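Here are the chains, one letter per residue:
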Amino acid sequence: MPTISQLMVPQPVKSVPDDANVGAELTGKLDKEEVVKWLAKFYQRREIKAAATENGIDNYIYHQTYLSFRKFCLEIDKLPVDLHVTFSDIIAGACHLDSLLPYFIRHAKQVFPHLECLDDLKKISDLRLPANWYPEARALTRKIIFHSGPTNSGKTFHALERFFSSKSGVYCGPLKLLASEVYYKSNQRGVPCDLVTGEERNFASVSKTPSSHVSCTVEMVSVNTPYEVAVIDEIQMLKDPSRGWAWTRALLGVVAEEVHVCGEAAAIDVVKEIIMSASEEVELRRYKRLTELIIEDSSLGTLEKIRPGDCLVCFNKQDIFWSTRQIEAMGIECAVIYGSLPPGTKLAQAKKFNDPDHPCKVLVATDAIGMGLNLNIGRVIFNSLIKPTVNEKGEKEMDTITTSQALQIAGRAGRYGTQFSTGYVTTMKNEDLPTLKRLLSQHPEPITQVGLHPTAEQIELYAYHLPHANLSNLIDIFVNLSTVDDSLYFICNIDDFKFLADMIQHVPLPLRARYVFCCAPINRKIPFVCSMFLKFARQYSRNEVLSFDWLGRQIGLPFACPNTLLDLVHLESVFDVLDLYLWLSYRFQDLFPDASLVRDMQKELDCLIQAGVAQLTRLLVNSETKVSSGTSQAVEAEENRPVLFAKKTPYTHDRNAITSGNPLSSHGRIADRLLSEGLLTPKMLEELKKEWQFQKDCEKQSFEVSNGAVDKSNPIKHSRNDTLNTRRLSRKRRT
């Protein structure tokens, strides 16, 4: 990490305008050459460097201040009177060179304003006691109950029973799907409950009056509203490098008489420590799995052994699409679920798979099934145990899944209360089975640290002290100066925040609005979503309304049912853009006024995506002949472009490449990328193909001419070729 000095951008120093040059009138005009000579001597003196260090000026600031001070002294015609007189006395030998030190330090504080307020900045970023940030929660004597157990143990069920029976309550879930499920379930049981997510608020009451119960995503929980009962689900997410701060905030800040937390046993110790810092105690309730989970003795080996109730788990879209095509080629219909699908599509696919009367009996999914969906799975099959992850440098790595991930996914087999009273788990490849057995025989490593994140108020205080720093720079300085109890807390990854801050740095926005924009939950790997984010920020900065019509022009209404894989991927990115609009409309209602219309549009788009997923095999076939030369290229064009690769574990997947037989109808990865970014349309691509074919024909004709392979039936061509050959021979002779 760079030092605090290196994060500070030197500020230019200007002289105070003055009509009269008083210093020159008193002592005469300064000789600039003499000024340069004495400044060089001043810079090299050890005593000056030692004195500067005592004033908090390190080597970097010392050098930058010297450069700025010398430039100031040489370029300013009317120096401050006291500085002018001091220079005149030094040149005349009337005073010592060290007399410049006060002026040098004064200049350093102007170039680097943090030198004057460093102590205040450190106090603002002191994060050692986050429990003290929530005085309303500390005013209560809360009862904390930890429901610990594996998947399918009923821990969340028991916590929710207390939620439903309470006078008032709040449920905090990790996903919109889970929050929506509790919202519907609560209202069905006659307990009026509102739904609050980042994109919307649904009221149980027709009059839109707030209900006593709220189901929300964990980031949206209020730390000011009092409740009788609060339920915080998937508490092990405290350790998440990006979102962990939200669980820490909910655990420490929710104002409830009873707080029920549900999750893995790995979080018990760290939750006890956090609660102890708030002078509270934890009551522990342990649960055992309700159904048996058996690891099979052999791997599946081939997709031909797939049976009803199976779920094939893949960790990338390429494997999902390839496996889906292979399974459906055998006449077996399968449901497909992966992370970037809209919630409605995921629910529709889950409903199709769970329906005993539907012919679809096989599920192909990513680890998105690990939480948020109730699925009647009989057997989980790991296609691979290698999962792509992004490291601290933003590089993609391939590494074996963790024990926690393996237990979470495998535990989905054998759901209590379904026809699968016993769950089974295995791998696709025989060499992966010993690794899976080892992972499932272990307990997840105890969590030792939980996440924190700077608040808008803290960043505003920083901006007050450092008015010239941009938002990304302020975040870097905050993290650098922050004091954290390393034994218990860590600062969450802020790379996404900084990425968005840098993207809209040139857009004139108030600091609070800029902070809100940078908190938007978008996938920065999708160029179309990023470009729309930038358009939203520009439109907002001009105080222009982002109407439904304006949005429709930007995203290309009306939509059509996808014909190829790239069409489907693009519709998914458009859905993310609509999600972004709704997220911003919740925070800036005046300039994002058409949330209801956009929500209706999103439902229509969800139906189109559902139709595309239902015909996935047809899309893959079309992709081969019309848009993509291979399944992986269509996905990588949207998914893997901006990420650097640093392989940690060798990862190879032996499968047949899907390629097009006609070279003229296929194209490479660059074309895929341009198509996915919207920089190239299919029509433009066809025109480029024609130009390329024409150029190829010309080159072929030229090659034939050079080798004498000419059309004898054409006397004009023949004559021209004879002439060219004669010229070549004469050139050779001269040579």
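Only a predicted model underlies this, so the values are computations on that prediction, with no experimental measurement involved.

Student: Can you help me understand the overall build of the chain in this one?
Tutor: Scanning the chain for helices and strands turns up 30 helices and 19 strands. Evaluated residue by residue, the chain yields a buried proportion of 49% over its 735 residues. Of the contacts formed within the chain by residues at least 6 apart in sequence, a portion of 75% connects residues at least 24 apart. When the accessible area of the chain is evaluated, it comes to approximately 35600 Å², of which 52% is carbon and sulfur surface.

Student: Whenever I open this one, unusual backbone geometry confuses me. Can you help?
Tutor: Most peptide bonds are trans, and most residues other than glycine sit at a negative phi. The step from L557 to P558 runs through a cis peptide bond, and the omega angle for that step is -5 degrees. On the secondary structure map, P558 appears in the loop between α23 (548-555) and α24 (565-585). At N543, a residue that is not glycine, the phi angle is positive and equals roughly 60 degrees. Counting through the fold element by element, N543 comes out in the loop between α22 (527-541) and α23.

Student: I'm lost on the packing of α24 against helix α25 (residues 595-614) in this one. Help?
Tutor: In a pair of packed helices, the angle between the axes and the distance between the axes together describe the arrangement. Direction vectors running N to C along α24 and α25 enclose 160 degrees, while the axes themselves pass 10 Å from each other. Taken together, the axes of α24 and α25 lie roughly antiparallel to each other. Where α24 crosses over α25, the handedness of that crossing is left-handed. Every residue of α25 that contacts α24 at L568, L571, E572, V574, F575, L578, D579, Y581, L582 and S585 is listed here: A595, V598, R599, M601, Q602, L605, D606, L608, I609, G612 and V613.

Student: Help me out: how do you make sense of the sheet that holds strand β9 (residues 292-295) in this one?
Tutor: Where strands meet in a sheet, backbone hydrogen bonds hold them as pairs that are either parallel or antiparallel. Reading across the sheet, the six strands line up as β9-β16-β13-β10-β12-β11 and stay open at both edges, with parallel pairing between neighbours. The sheet is open, and its two edges are formed by β9 and β11 (334-337), each paired on a single side. Each strand axis lies, on average, 20 degrees off the axis of its neighbour in the sheet, ignoring direction. Pairing geometry for β9 and strand β16 (residues 422-427), over four bridges, is parallel. Across the sheet, E292 pairs through a bridge with T422, a residue of β16. Against the sheet, helix α15 (residues 343-354) engages β10 (310-313), β11 and β12 (362-365), with an angle of about 150 degrees to β11.

Student: Explanation requested: the sheet that holds strand β7 (residues 256-263) in the structure shown.
Tutor: Taken together, eight strands build an open sheet; the order of strands is β4-β3-β5-β2-β6-β7-β1-β8 and the sheet is mixed. Edge strands, defined here as strands with exactly one partner in the open sheet, are β4 (201-202) and β8 (282-286). As paired elements, strand β3 (residues 193-196) and strand β5 (residues 213-217) share four bridges and run parallel to each other. For D194, the partnering residue across the bridge sits in β5 and is V214.

Student: I tried to follow the pattern of salt bridges on my own but got confused; where do I start?
Tutor: Pairs may arise between side chains of opposite charge once their charged atoms sit close together. Under the definition given, this model contains 30 salt bridges. Its salt-bridge partner being K37, residue E34 comes within 3.3 Å of it at the nearest N-O pair. Taken together, the residues E34 and K37, both in helix α3 (residues 32-44) and three residues apart, mark about one turn of the helix. Judged by relative accessible area, E34 falls into the partly exposed class, the value being 24%. Under the relative-accessibility criterion, K37 is labelled partly exposed at 38%.

Student: I keep staring at the nonpolar core and nothing clicks. Help me out?
Tutor: A general tendency of soluble globular proteins is for nonpolar side chains to be buried together. Ranked by internal contacts, the top residues of the largest apolar core, which has 165 residues, are F517, F536, L551, I555 and F592. The biggest single contributor to this core is α24, with twelve residues. Ignoring any residue separated from it by four or fewer positions in sequence, one finds F536 in contact with F517, L546, W550, L551, V577, L580, Y581, L584 and F592.

Student: Please clarify how the confidence of the model for the chain should be interpreted in this entry.
Tutor: Detailed conclusions should not be drawn from predicted coordinates in areas where pLDDT is low. Of the residues in the chain, 85% have a pLDDT of 70 or more, and the chain-wide mean is 85. Below a pLDDT of 50 lies the segment residues 627-668, which in the model reaches 106 contacts outside its immediate sequence neighbourhood of four places, other chains included.

Student: How should I be thinking about the packing of aromatic side chains in this particular structure?
Tutor: Under the criterion given, the structure shown has 20 aromatic pairs. For the ring pair Y581 and F592, a centre distance of 5.2 Å and an interplane angle of 70 degrees mean the geometry is edge-to-face. Taken together, the residues Y581 in helix α24 and F592 in the loop between α24 and α25 connect sequence positions eleven residues apart. As far as the burial class goes, Y581 and F592 line up, both buried. Joined through ring pairs, the aromatic side chains of F42, Y43, Y62, Y66, F69 and F104 make up one cluster. Directly above the aromatic system of W38 lies the positively charged group of K41, at a separation of 4.4 Å from the ring centroid. The aromatic ring of Y424 is capped on one face by R307, whose charged end is 5.8 Å from the ring centroid.

Student: What am I meant to see in the pairing of β11 here?
Tutor: Side chains on a regular strand alternate between the two faces of the sheet. Across the two faces of β11 the burial is the same, with C334 and V336 and A335 and I337 all buried. Crossover handedness for the path β11 to α15 to β12: right-handed.

Student: Which parts of the structure should I look at to understand the pairing of strand β1 (residues 143-148)?
Tutor: Burial within β1 is extensive, with five of its six residues counted as buried. In terms of strand pairing, β1 meets β8 through five bridges, oriented parallel. If you follow S148 over to β8, its bridge partner there is R286.

Student: Got a minute to help me understand the side chain of S215 in this structure?
Tutor: As for its placement among the helices and strands, S215 is situated in strand β5. Reaching out from S215, the side chain makes a polar contact with the backbone oxygen of A179 at a distance of 2.7 Å. Once residues within four sequence positions are removed from consideration, S215 is found in contact with Y171, A179, V182, Y183, C193, D194, L195 and V196.

Student: Explain the side chain of H453 here, please?
Tutor: With respect to the helices and strands, the residue H453 is situated in the loop between β17 (450-452) and α18 (456-465). Overall, the relative accessible area of 16% leaves H453 in the buried class. In this structure, H453 is in contact with W245, Q458, I494 and Y515, ignoring residues within four places of it in sequence.

Student: Honestly, helix α11 (residues 176-188) in this entry has me stumped. Any pointers?
Tutor: Since the α-helix advances by 3.6 residues per turn, residues separated by three or four positions end up pointing in the same direction. In a regular helix each residue adds 1.5 Å, so 13 residues correspond to 18 Å; α11 covers 18 Å between its end C-alpha atoms and thus fits that length. Taken together, the buried positions of α11 are occupied by L177, L178, A179, S180, V182, Y183 and S186. As for α11, its buried residues are in contact with α10 (155-165), β2 (169-173), β3, β4, β5 and α15. Downstream of α11 by a residue or two, G190 has a phi angle that is positive, lying close to 85 degrees.

Student: I tried to follow the state of the cysteines on my own but got confused; where do I start?
Tutor: Two cysteines form a disulfide when their sulfur atoms are joined by a covalent bond. In this structure the tally under the stated criterion is zero disulfides. Cysteine C193 is unpaired, with the sulfur of C216 as its nearest cysteine sulfur at 9.0 Å.

Definitions and cut-offs
Residues numbered from 1 in each chain as written. Predicted model: local features only at pLDDT ≥ 70, side-chain atom pairs only at ≥ 80, totals over all residues. Heavy atoms only, no water. Helix = DSSP H or I, 4+ residues; strand = E, 2+ residues; numbered from the N terminus. Buried < 20%, exposed > 50% of the residue type's maximum accessible area, 1.4 Å probe, protein only. Contact = heavy atoms within 4.5 Å. Areas by Shrake-Rupley, 256 points an atom, 1.4 Å probe, with all protein chains shown as cover. Axes fitted to C-alpha atoms, helices over the stretch in contact; angles between N-to-C directions. Parallel < 35°, antiparallel > 145°, perpendicular 65-115°, else oblique. Left-handed = near helix turned anticlockwise from the far one by under 90°. Pairing = 2+ DSSP bridges. Salt bridge = Lys/Arg side-chain N within 4 Å of Asp/Glu carboxyl O. Core = buried A, V, L, I, M, F, W, Y, C linked by side-chain atoms within 4.5 Å. pLDDT = per-residue confidence, 0-100. Phe/Tyr/Trp six-rings, centres within 6.5 Å; stacked < 30°, edge-to-face > 60°. Lys NZ or Arg CZ within 6 Å of the ring centre and 35° of its normal. Right-handed = clockwise from strand over helix to strand, strands pointing away. Polar contact = N/O pair within 3.5 Å; in protein donor to acceptor, adjacent residues only side chain to side chain. Expected span 1.5 Å × (residues − 1). Disulfide = S-S within 2.5 Å.

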